Amino acid sequence: GPQGPQGPPGISVGYSSECDFQNCDITLTGFPGIVIAQTAAVGTGTYYVSASTLISVGSDDLALCYTTTVNIGGMHTVGGSGLYGGYQQASTTDVWFVGEGDAFQLLCDGSNANSFVDVGTITAILINSASDAGPQHAKKVPPPGTSKH
């Protein structure tokens, strides 16, 4: 059939929260961890959620951070480190589908309470049309050392 009329331009809706140098310095405890930052309540939809945390990893500790939701819970990806001595970056990027009134949280945990969070941020952006990207082309690349013919 004929193509329909042009739709309205997309509208970006985003939410964010942070725990900065002024109000952070949170000692990490065991799983499921401590809420470092939480967004306000969001509307129904698919969100791209990213989080970044600056953690100081203590001796014999493993510090991990992840994003979750208030109502659904669970986790998709985890970032962190067990490398002692100084600051480490823990970053994650996730895709979540949530219902009206849910909120996103950044949580971090440590295996023996020797680590702490200095800074943590979480950002959630509502995506109007999210899909799993397939291959961009079907071109086959020959293995190294083989002829193209």
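Above this note sits the structure.
Residues numbered from 1 in each chain as written. Predicted model: local features only at pLDDT ≥ 70, side-chain atom pairs only at ≥ 80, totals over all residues. Heavy atoms only, no water.

### Overview of the overall build of the protein
Turning to step 1, where the next piece is worked out: Secondary structure assignment for the protein yields zero helices and nine strands.
Turning to step 2, where the next piece is worked out: Counting from the amino terminus, helix and strand elements in the protein follow one another as β-β-β-β-β-β-β-β-β.
Turning to step 3, where the next piece is worked out: Partitioning the contacts of the protein with sequence separation of at least 6, the portion at a separation of at least 24 is 80%. (Helix = DSSP H or I, 4+ residues; strand = E, 2+ residues; numbered from the N terminus. Contact = heavy atoms within 4.5 Å.)

### Section: the sheet that holds strand S8 (residues 104-110)
Turning to step 1, where the next piece is worked out: Overall, antiparallel pairing links the four strands, which are arranged S3-S8-S5-S6 in an open sheet. The open sheet has two edge strands with one neighbour each: strand S3 (34-38) and strand S6 (78-81). Pairs of neighbouring strands in the sheet enclose a mean axial angle of 25°, with direction left out of account.
Turning to step 2, where the next piece is worked out: Across seven bridges, the pairing between strand S5 (residues 63-69) and S8 is antiparallel. Across the sheet, the residue bridging to leucine 64 is aspartate 109, located in S8. (Pairing = 2+ DSSP bridges. Axes fitted to C-alpha atoms, helices over the stretch in contact; angles between N-to-C directions.)

### Things to note about the pairing of S6
Turning to step 1, where the next piece is worked out: By the alternation rule, side chains of S6 split into Gly79 and Ser81, which are all buried, and Val78 and Gly80, of which none is buried.
Turning to step 2, where the next piece is worked out: Summarising the sheet, S5 and S6 pair through four bridges and their orientation is antiparallel. From the neighbouring strand, cysteine 65 faces S6, where its bridge partner is glycine 79. (Buried < 20%, exposed > 50% of the residue type's maximum accessible area, 1.4 Å probe, protein only.)

### Some thoughts on the side chain of threonine 68
Turning to step 1, where the next piece is worked out: Looking at the element boundaries, threonine 68 is found in strand S5.
Turning to step 2, where the next piece is worked out: Since its relative accessible area comes to 6%, threonine 68 is described here as buried.
Turning to step 3, where the next piece is worked out: Of the polar contacts made by the side chain of threonine 68, one reaches the backbone oxygen of glycine 74; its length is 2.6 Å.
Turning to step 4, where the next piece is worked out: In this view, threonine 68 contacts Gly73, Gly74, Trp96, Ala103, Phe104, Gln105 and Leu107; residues no more than four positions away in its chain are not counted. (Polar contact = N/O pair within 3.5 Å; in protein donor to acceptor, adjacent residues only side chain to side chain.)

### Examining the environment of valine 95
Turning to step 1, where the next piece is worked out: In this structure, valine 95 sits in strand S7 (residues 87-98).
Turning to step 2, where the next piece is worked out: Put simply, valine 95 and valine 49 are 46 residues apart on the chain and 6.0 Å apart in space, counted from C-alpha to C-alpha.
Turning to step 3, where the next piece is worked out: Each residue touching valine 95, except ones within four places of it in the same chain, is listed here: Thr46, Tyr47, Tyr48 and His76.

### Side note on the packing of aromatic side chains
Turning to step 1, where the next piece is worked out: Summed over the entire model, instances satisfying the criterion amount to three aromatic pairs.
Turning to step 2, where the next piece is worked out: Ring centres of tyrosine 15 and tyrosine 47 lie 6.2 Å apart, and the angle between their planes is 55°; on these two criteria the pair is classed as tilted. Of the two residues, tyrosine 15 sits in strand S1 (residues 13-19) while tyrosine 47 sits in strand S4 (residues 45-56), which places them 32 residues apart along the sequence.
Turning to step 3, where the next piece is worked out: Residue tyrosine 47 is classed as buried on the basis of its relative accessible area, which comes to 0%.
Turning to step 4, where the next piece is worked out: Among the aromatic side chains, those forming a connected cluster through ring pairs are Tyr15, Tyr47 and Phe104. (Phe/Tyr/Trp six-rings, centres within 6.5 Å; stacked < 30°, edge-to-face > 60°.)

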